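# Descriptive analysis of the structure
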Amino acid sequence: QVQLVESGGGLVQAGGSLRLSCAVSGRTLSMYGMGWFRQAPGKEREFVAGISFGTSTLYARSVKGRFTISRDNAKNTVYLQMNNLRPEDTAVYYCAATGAKTLVVVTTMQKYDYWGQGTQVTVSS
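Residues numbered from 1 in each chain as written. Predicted model: local features only at pLDDT ≥ 70, side-chain atom pairs only at ≥ 80, totals over all residues. Heavy atoms only, no water.

## Side note on the pairing of strand β4 (residues 33-39)
On any regular strand, side chains alternate: one points to one face of the sheet, the next to the other face. Of all seven residues in β4, six are buried, a share of seventy percent or more. Judged from the seven bridges that link them, β4 and strand β9 (residues 91-98) form a sheet pairing that is antiparallel. Of the residues in β9, the one forming a bridge with G35 is A96. As paired strands, β4 and strand β5 (residues 46-51) are joined by five bridges and run antiparallel to one another. When the bridges of β5 are listed, M34 appears paired with I51. (Buried < 20%, exposed > 50% of the residue type's maximum accessible area, 1.4 Å probe, protein only. Helix = DSSP H or I, 4+ residues; strand = E, 2+ residues; numbered from the N terminus. Pairing = 2+ DSSP bridges.)

Below, the structure is given as structure tokens:
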């Protein structure tokens, strides 16, 4: 059984930075494509960033140039570096893992097999 545990969320002022971490246990991280999603109050969960089973990355248009996803397979951890944060980035951020063996980043929630519990990110104006 794969378990994902996010950390690193918190309260930050607009323009600030946070780094989210997602620790993976139960299986080797290198076997999975990984994604970060977020859900703001009253809104649907949306794709933020993903890194494929290989090394391809993809970002939502709203975060491109500000967020960076990376993975450290030796530490079984995925990161989301978030810079120049905006109030509209406020949401619960979820880490997810997909067993799909594709070099293309998976953006569809339904194709992710495992999810973390989420970590709150609040950006004040």
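Continuing now.
## Here's the deal with unusual backbone geometry
Although it is not a glycine, N76 sits at a positive phi angle of roughly 55 degrees. Counting through the fold element by element, N76 comes out in the loop between β7 (67-72) and β8 (77-82). A positive phi is found at N84, a non-glycine position, where the angle reads about 50 degrees. Assignment of secondary structure puts N84 in the loop between β8 and β9.

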